Number of protein chains: 2
Amino acid sequence: MTTARAPLSVAAAMDRAVTLAANGPAYGPNPRVGCVILGAEGAELGEGWHRGAGTPHAEVAAIADARARGVDVRGGTAVVTLEPCAHTGRTGPCVDALTQAGIAAVTYAVADPGNASGGGATVLEERGIPATLMEHAGASALTHRWLTAMRLGRPYVIAKWAATLDGRMAAADGTSVWITGPEAREHAHGVRAEVDAIAVGTGTVLIDDPQLSARAGGEDAAHQPLRVVIGHRDTSGRRVWRDPNVLGVASHDPRDVLAALWEREVRAVVVEGGPTVLSAFLREGLVDEVHAYIAPVLLGAGPSVVDDLGIGTMKDALRGEHVNFQPLGADTLVIAHLSRGF
Amino acid sequence: MTTARAPLSVAAAMDRAVTLAANGPAYGPNPRVGCVILGAEGAELGEGWHRGAGTPHAEVAAIADARARGVDVRGGTAVVTLEPCAHTGRTGPCVDALTQAGIAAVTYAVADPGNASGGGATVLEERGIPATLMEHAGASALTHRWLTAMRLGRPYVIAKWAATLDGRMAAADGTSVWITGPEAREHAHGVRAEVDAIAVGTGTVLIDDPQLSARAGGEDAAHQPLRVVIGHRDTSGRRVWRDPNVLGVASHDPRDVLAALWEREVRAVVVEGGPTVLSAFLREGLVDEVHAYIAPVLLGAGPSVVDDLGIGTMKDALRGEHVNFQPLGADTLVIAHLSRGF
């Protein structure tokens, strides 16, 4: 039995699919995907979204939703935010599920660049099912980190720090508690809860002894990212090791770190410092996004957020793009995406 | 002949007086002041504002406005954003003008802390004219810089800089053109046009050879602040000296600079750098407001915006209050007021 709904255009169905996609988790090996199945005249036959690795993909969830409603999807159009996958991972290929369900056409918003998972549109076309790309800014935004990771074959890297107006991460004696206020710290915990891993150097572990957990309102978030400690120094006995979900990478090469994370299906990592680690990632062009929490504070001395990056003159500066701002109490968050892939 | 107007409460008249005050110039030795004269039953008899040093004060302008309308202000209430002055400066005392005009009561929003000009309310009361303080946030905001200057007996100091996310004012080779974008630079010119003086060190003059003019949309603004060059090095022949309105102060002591400016009736000065000059003012607690234009740029090397301020640990950091933010293109302006009077 179906409930009467207003008919949807394909574009409106894509908007709906994007809204559904956003219900999925931001972390994890798979992207957030939503799907709406349209019948003749724009009837909405089923809808679904991907709830995380090991659960059905959005297309399969939407077909199941239609079945649960007792609706026949044969001849319908699947409107999905990402190109249907063509491979068997934890679940079977979506192109097969769509074919078997008798779907007659597919519209998708983002092409899948995955070596294994991509190519679904071609498979569908070969089976006589037209697969049409219809770009959607919301779908791009929801998959931006995942897409970048898949294209680069390494986790998406967010470099995060809290600094003073004069770019210091700490005072001359190493103290840094607290540069920013509670609003900024709460925001940073929200960012942690949306990624797969948080990485710091052994220096930060030894000096600050952080828990590296994602907290919200003082409580541990439901999703805790992998804690990663980079470097050679002994940090055993520090708080970060109390959690079993910790990875030590005994290297100073950020490529080693990212390779170790990629093996663990990490798609997005927040690199939180200190300056040595941040600078190593920046110097190698391995930062995709910067989150700079800036406090209205001056120190005049103490470590700068980044060490020498090999930049000698203004025209070679690393310049952020697609910059966003967010006031957080007395602090400002500047988010910048970086064109050199940093 | 009067035009019919809706009757005003004293509070509404104060709102109106604040709006009028804002018509006046932000620069100059005198504050922005507005005045509304109310008759019986809230009739608006006259209004005026101060248009700058040497022109009538707001109260006198309002009385003149009433006269021009052929209206008798005797028995009226003067609602004025600042306590009427009690001294003869470039013009006569407003308390006398009000008394002579037969004003029966005065309401003012901000007390005048001036040694010479203050005390008007007491004089009025002694003459049997009740003078009532009614605070108004708008009136306070319009007079904030002037009031601070009068209380401290020195110009209000705005420390302004453009910096990267890592707190650099220039790259390792000294280049700094351009850290920030056109929106930030245009905003900074707007700030220059609202103050009495702009100060830089000889180092900035020698390296950047700035014009130090206030420009708007590429054109020179109507009001040009005094250009001030701080330090001992020879900067003759540089562009700043093409204008006759330049002051050289051969001292490294910010107190000498502020004393020289105070003599010239400077009430607000923008100190624009470089790091040596900015740090000298900050170190001495002589900065009232910071304007930090922050570009989404990383350099990793180059001069920091401030040198050593004698701060060794986080709890001694200079921490801004009443912080405001303004996105300007890809840059952010952070405005912070500083509790230690810096």
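Residues numbered from 1 in each chain as written. Chains lettered and ligands numbered in written order. Predicted model: local features only at pLDDT ≥ 70, side-chain atom pairs only at ≥ 80, totals over all residues. Heavy atoms only, no water.

The condition that has to hold: UniProt positions are given in the numbering used here, feature names are shortened, and annotations may be inferred rather than shown by experiment.
Where an unreviewed UniProt entry is consulted, chain A appears under the name Riboflavin biosynthesis protein RibD, with the organism given as Demequina muriae. The Function (unreviewed entry) field of the UniProt record for chain A holds the comment "Converts 2,5-diamino-6-(ribosylamino)-4(3h)-pyrimidinone 5'-phosphate into 5-amino-6-(ribosylamino)-2,4(1h,3h)-pyrimidinedione 5'-phosphate."

### Quick look at the relation of the copies chain A and chain B
Selection rule: Copies are brought into register by a least-squares superposition over C-alpha atoms of residues with pLDDT of at least 70 in both. Contacts are residue-level and defined by heavy atoms, with any inter-residue pair within 4.5 Å sufficient.
For the pair chain A and chain B, the superposition axis carries a translation of 0.1 Å, the fit reaches an RMSD of 0.1 Å, and the rotation angle comes to 180°. Those values place the two copies in the arrangement expected of a two-fold rotation axis. Across chain A, the smallest distance between a C-alpha and the rotation axis is recorded for Gly167 of chain A, namely 2.0 Å. The fraction of interface residues of chain A whose copies in chain B are also interface residues reaches 100%, indicating that both copies meet through the same surface.

### Focus on helix H6 (residues 182–192) of chain A
The line we're drawing: Summary of the burial criterion: residues with accessible area below 20% of their type's maximum are buried, those above 50% are exposed, and those between are partly exposed, where the area comes from a 1.4 Å probe applied to protein chains only. Numbering of helices and strands runs from the N terminus; a helix is a DSSP stretch of H or I covering at least four residues, while a strand is a stretch of E covering at least two. Working definition: the arc comes from the directions between the helix axis and the C-beta atoms, pointing outward to the latter.
All of the buried residues in H6 of chain A are Ala184, Ala188, His189, Val191 and Arg192 of chain A. Along the axis of H6 of chain A, the buried positions cluster into a sector of 155°, meaning they face one direction only.

### Some points on the UniProt feature "domain: CMP/dCMP-type deaminase" (unreviewed entry) in chain A
Under the local residue numbering, the UniProt record ascribes the feature "domain: CMP/dCMP-type deaminase" (unreviewed entry) to residues 8–131 of chain A. Along residues 8–131 of chain A one finds 30% helix and 19% strand; the C-alpha atoms at either end are 19 Å apart.

### Here's the deal with the interface of chain A and chain B
Our working definition: Accessible area, probed at 1.4 Å, shrinks when two parts are joined; the buried area is that loss added up over both. What makes a salt bridge here is a side-chain nitrogen of Lys or Arg within 4 Å of a carboxyl oxygen of Asp or Glu, nothing more. The definition of a polar contact used here is a pair of N or O atoms within 3.5 Å, where within protein one atom must be able to donate a hydrogen and the other to accept one, and adjacent residues in sequence count solely through side-chain atom pairs. Classes in brief: Ala, Val, Leu, Ile, Met, Phe, Trp, Tyr, Cys and Pro nonpolar; Asp, Glu, Lys and Arg charged; the others, Gly included, polar. If DSSP finds at least two bridges between two strands, the strands pair.
Listed per partner, the contact involves 47 residues of chain A and 47 residues of chain B. When chain A packs against chain B, the two sides together hide about 3,400 Å² of surface, and 65% of this comes from carbon and sulfur. When the area that chain A buries against chain B is broken down by residue, the three leading residues are Leu165, Leu298 and Met314 of chain A, summing to 21%. Taken together, the connections running from chain A to chain B amount to 0 salt bridges. Summed over the shared surface of chain A and chain B, the result is 20 residue pairs in polar contact (both at pLDDT 80 or more). Counting residues per element, the side of chain A that touches chain B draws most heavily on strand E15 (residues 318–328) of chain A, at 6 residues. In terms of residue class, the side of chain A that touches chain B is built from 30 nonpolar, 10 polar and 7 charged. Examined bridge by bridge, strand E14 (residues 297–298) of chain A and strand E15 (residues 318–328) of chain B share 2 bridges and lie antiparallel to one another. Opposite Leu298 of chain A, over in E15 of chain B, you have Leu318 of chain B as the bridge partner.

### So, helix H1 (residues 10–21) of chain B
All names here are of chain B. Our working rule: The span you would expect from a helix comes to 1.5 Å times its residue count less one.
With 12 residues, H1 extends 16 Å between its outermost C-alpha atoms, agreeing within 8% with the 16 Å of an ideal straight helix rising 1.5 Å per residue. Ala13, Met14, Ala17, Val18, Leu20 and Ala21 are the residues of H1 that are buried. Mapping the buried residues of H1 onto a view down its axis gives an arc of 160°, with all of them on the same face. Structurally, H1 contributes buried residues whose contacts are with strand E1 (34–38), strand E2 (44–49), strand E3 (77–82), strand E4 (105–110) and helix H5 (137–152).

### Concerning unusual backbone geometry
With an omega of 5°, the peptide bond between Gly273 of chain A and Gly274 of chain A qualifies as cis. One non-glycine residue with positive phi stands out, namely His322 of chain A, at about 45°. Accessibility expressed as a relative area gives 61% for His322 of chain A, which makes it exposed. A positive phi angle, close to 60°, is found at Glu265 of chain B, a residue other than glycine. Inspection of the secondary structure assignment puts Glu265 of chain B in the loop between helix H8 (254–263) and strand E12 (268–273).

### Quick notes on the sheet that holds strand E16 (residues 331–338) of chain B
Here is the rule: All axes here are fitted lines through C-alpha atoms, helices being fitted over the stretch that makes contact, and every angle between N-to-C directions spans 0 to 180 degrees.
Taken in spatial order, the 9 strands line up as E14(A)-E15(B)-E16(B)-E13(B)-E6(B)-E12(B)-E7(B)-E10(B)-E11(B) in an open sheet, and their pairing is mixed. Each edge of the open sheet carries a strand with a single partner, namely E14 of chain A together with strand E11 (246–249) of chain B. Pairing of E15 of chain B with E16 of chain B involves 7 bridges; the strand directions are antiparallel. Along E16 of chain B, the bridge assignment pairs Pro327 of chain B with Thr332 of chain B. Against the sheet, helix H6 (residues 182–192) of chain B touches strand E6 (156–163), strand E7 (197–201), E12, strand E13 (289–294), E15 and E16 of chain B, its axis set at about 160° to E13 of chain B. Helix H9 (residues 275–283) of chain B contacts E14 of chain A together with E6, E7, strand E10 (226–230), E12 and E15 of chain B of the sheet and is inclined by roughly 130° relative to E12 of chain B.

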